[in-house]
Amino acid sequence: MKILKRILAINLIALTLMTIPMVFTDLSTTSVVQAASSIKISKKKKTLRVGDKYTLKITGTSKKVKWKSSNKKVATVNSKGKVKAKKKGTATITAKVGGKKYKCKITVKKAKVLKVGNHTLKYGKYRWHYTYGKQKDDMTYTINKDGTFSYIRKWTNYKGTKYTDTGSGKYKVYYSKGDDYDPTSCWVIRFIVKKYHSTYEPANSHPIDYYLYDVTKNNKFQERQGVASFTYKGN
């Protein structure tokens, strides 16, 4: 009887030892499958306008991601997954993680434009520059398609002292029959400043709206100081 019990115990131990590696192997395989399935790309399809930027993301892994565009003339992508729409068309953005690829189809449409009277202004950055003696005014407006804007203004007063203003807010376009600044009937872009900061008496800084008057009907706008070109600088 004792011999039989020993034989049974030995067989049970041997069977257990044979089963353990199989369990570990199954767990290892399962974890690999689960890890691969948890890796995802944030978008599989995305529509952009020319000039738009959008950042794709890969989640579920800490491994290095390699990004690639199938058509750089339509859309480019950098090492961080930021896509920039270049021209109308389609492109596939591919993210490679290890040996697996994750794709997003990018469709690029024509850029919408801002209508100012008979003019069409592309969304993006514009430079407005004015000089009068020692006084200089150099502003860069960023006009967004959602009706918002931001700006950086670097200006010099009549004493030659330099200052910097920054601000943001909303803009609107309308036709004016004349006002205190310009009695001429013309189209106007009004930049309504909501947030504002200036190195000129910053403790007393307060928002100041800007008005640009299309007095020459040729993309030349008059501000309070005078007439200057409103030049498109790109996105």
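Residues numbered from 1 in each chain as written. Predicted model: local features only at pLDDT ≥ 70, side-chain atom pairs only at ≥ 80, totals over all residues. Heavy atoms only, no water.

Enquirer: Sorry, what's going on with the environment of Tyr102 here?
Expert: Structurally, the position occupied by Tyr102 is in strand S9 (residues 100-109). For the pair Tyr102 and Ile39, spaced 63 residues apart in sequence, the C-alpha separation works out to 8.9 Å. (Helix = DSSP H or I, 4+ residues; strand = E, 2+ residues; numbered from the N terminus.)

Enquirer: Would you take a moment to explain the packing of aromatic side chains for this structure?
Expert: In this description, an aromatic ring pair is defined by two values, namely the gap between the centres and the angle between the planes. Within this structure, the stated rule accounts for eight aromatic pairs. Measuring from ring centre to ring centre gives 6.2 Å for Phe149 and Tyr151, while their planes differ by 15 degrees; the resulting arrangement is stacked. Residue classification places Phe149 among the buried residues on the basis of a relative accessible area of 2%. Where Tyr163 meets Tyr200, the ring centres are 4.9 Å apart and the plane angle is 80 degrees; that geometry is what we call edge-to-face. Of this pair, Tyr163 sits in strand S15 (residues 162-176) while Tyr200 sits in the loop between strand S16 (186-198) and strand S17 (210-213), and the two are 37 residues apart along the sequence. Owing to a relative accessible area of 17%, Tyr163 belongs among the buried residues under this scheme. Here the aromatic residues Tyr141, Phe149, Tyr151, Tyr171 and Phe191 are joined through ring pairs into a cluster of three or more. A cation over an aromatic ring shows up here: Lys46 above the ring of Tyr54, its NZ or CZ 4.5 Å from the ring centre. (Phe/Tyr/Trp six-rings, centres within 6.5 Å; stacked < 30°, edge-to-face > 60°. Buried < 20%, exposed > 50% of the residue type's maximum accessible area, 1.4 Å probe, protein only. Lys NZ or Arg CZ within 6 Å of the ring centre and 35° of its normal.)

Enquirer: So what exactly am I meant to see when it comes to the sheet that holds S9 here?
Expert: An order of S2-S9-S8-S5 is seen for the four strands of this open sheet, with the pairing classed as mixed. Each edge of the open sheet carries a strand with a single partner, namely strand S2 (45-49) and strand S5 (66-69). For this sheet, the mean angle separating the axes of adjacent strands, direction not counted, is 25 degrees. Bridge count for S5 against strand S8 (residues 89-97) is four bridges, and the pairing is antiparallel. Bridging from a neighbouring strand, Trp67 pairs with Ala95 of S8. (Pairing = 2+ DSSP bridges. Axes fitted to C-alpha atoms, helices over the stretch in contact; angles between N-to-C directions.)

Enquirer: What's the story with the pattern of salt bridges in this structure? I'm lost.
Expert: Opposite charge on two side chains allows them to pair when their charged atoms are near. A full pass over the atoms with the stated rule returns four salt bridges. The closest approach of N and O atoms between Arg127 and Asp138, which form a salt bridge, is 2.6 Å. With Arg127 in strand S12 (residues 124-132) and Asp138 in strand S13 (residues 135-143), this residue pair connects regions lying 11 residues apart in the sequence. Asp137 serves as the salt-bridge partner of Arg153, at 2.9 Å between the closest nitrogen and oxygen. Remark: Asp137 occurs in strand S13 and Arg153 occurs in strand S14 (residues 148-156); sequence separation between them is 16 residues. Residue Arg153 shares its accessibility class with Asp137, and that shared class is buried. Overlapping salt bridges bring together Asp137, Arg153 and Asp165 as one network. (Salt bridge = Lys/Arg side-chain N within 4 Å of Asp/Glu carboxyl O.)

Enquirer: Is there a simple way to think about the sheet that holds strand S6 (residues 75-77) in this case?
Expert: Pairing in this open sheet of three strands is antiparallel, and the strands run S3-S7-S6 from one edge to the other. With one partner strand each, in any of the chains shown, strand S3 (53-55) and S6 form the two edges of the open sheet. Put simply, the sheet's adjacent strands are angled 20 degrees from each other on average, direction ignored. Pairing analysis gives three bridges linking S3 to strand S7 (residues 82-85), with the strands arranged antiparallel. In the sheet register, Tyr54 faces S7, and the bridge partner there is Val83.

Enquirer: Explain the side chain of Asp137 to me, please; I cannot follow it from the model alone.
Expert: The exposure class assigned to Asp137 is buried, which follows from its relative accessible area of 4%. In terms of polar contacts, Asp137 uses its side chain to reach the side chain of Arg153, at 2.9 Å. (Polar contact = N/O pair within 3.5 Å; in protein donor to acceptor, adjacent residues only side chain to side chain.)

Enquirer: Would you take a moment to explain the pairing of S15 for this structure?
Expert: A regular strand places its side chains so that they alternate between the two faces of the sheet. Pairing between S14 and S15: nine bridges, direction antiparallel. Considered in S15, the bridge of Thr148 is made with Lys170. The loop that links S14 with its antiparallel partner S15 comprises five residues; one of these, Gly160, has a positive phi angle of about 90 degrees. Here 12 bridges tie S15 to S16, and the two strands are oriented antiparallel to one another. Residue pairing for S16: Asp165 is matched across the bridge by Ser198.

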